[in-house]
Amino acid sequence: MGSQQMAEPTTLSRATYRCVVRVIDYTLADGLGSTTQLTDSTGEVTDSYSYDVFGAPRTTTGTTANDFRYTGQQRDGNANR
């Protein structure tokens, strides 16, 4: 039989995997449908919002991205409403 050769190990490129954690937020609204609070999956309030009579933000706490605010309408970042 002929001589056997061992294959030289080759360098494999490593694939980079990114772990993405999905965070679920729950929206709490008032009678008009305006978002007043966001909670996490445990029920802990993470953000809160209040508005004046015209829908302009009065107070805002928290840092969760949320585009749905006054009367449940999508917030227009350009108009700051």
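From a predicted model like this one, the values you see are computed outputs, not experimental measurements.

**Considering the sheet that holds strand β3 (residues 45–51)**
In spatial order, the strands read β1-β2-β3-β4; together these four strands make up an open sheet with antiparallel pairing. Edge positions in the sheet fall to β1 (26–29) and β4 (57–61), since each of these pairs with one other strand and no more. Between one strand axis and the next, the sheet turns by 15 degrees as a mean value, whatever way the strands run. Bridge count between β3 and β4: four bridges; the pairing is antiparallel. The residue bridging Tyr-49 from the neighbouring strand is Thr-60, located in β4.

**Observations concerning the pairing of strand β2 (residues 35–39)**
With four bridges joining them, β1 and β2 adopt antiparallel strand pairing. Counted as the bridge partner of Thr-27 is Leu-38 from β2. Linkage of β1 to β2, two consecutive antiparallel strands, is achieved through a turn of five residues, within which Gly-33 is found at a positive phi near 95 degrees. Here three bridges tie β2 to β3, and the two strands are oriented antiparallel to one another. By the bridge assignment for β3, Gln-37 is matched with Ser-48.

**Comments concerning the side chain of Arg-69**
Structurally, Arg-69 can be placed in the segment after β4. There is no salt bridge for the buried Arg-69, and the closest opposite charge comes from Asp-67, which lies 6.4 Å off by N-O distance. Of the polar contacts made by the side chain of Arg-69, one reaches the backbone oxygen of Asn-66; its length is 3.3 Å. Ignoring sequence-local partners within four residues, the contact set of Arg-69 consists of Gly-33, Ser-34, Thr-35, Tyr-49, Tyr-51, Thr-60 and Arg-75.

**Side note on the confidence of the model for the protein**
Confidence along the protein averages 77 in pLDDT terms, with 65% of residues attaining 70 or more. At the low end of the mean pLDDT range in the protein sits β1, at 91; at the high end sits β3, at 95.

**Regarding unusual backbone geometry**
Unusually for a residue other than glycine, Thr-71 sits at a positive phi of about 50 degrees. Here Thr-71 is to be found in the segment after β4. Taking the relative accessible area as the measure of exposure, Thr-71 reaches 30% and is therefore partly exposed.

Conventions used here
Residues numbered from 1 in each chain as written. Predicted model: local features only at pLDDT ≥ 70, side-chain atom pairs only at ≥ 80, totals over all residues. Heavy atoms only, no water. Pairing = 2+ DSSP bridges. Helix = DSSP H or I, 4+ residues; strand = E, 2+ residues; numbered from the N terminus. Axes fitted to C-alpha atoms, helices over the stretch in contact; angles between N-to-C directions. Buried < 20%, exposed > 50% of the residue type's maximum accessible area, 1.4 Å probe, protein only. Lys, Arg positive; Asp, Glu negative; His and termini not counted. Salt bridge = Lys/Arg side-chain N within 4 Å of Asp/Glu carboxyl O. Polar contact = N/O pair within 3.5 Å; in protein donor to acceptor, adjacent residues only side chain to side chain. Contact = heavy atoms within 4.5 Å. pLDDT = per-residue confidence, 0-100.

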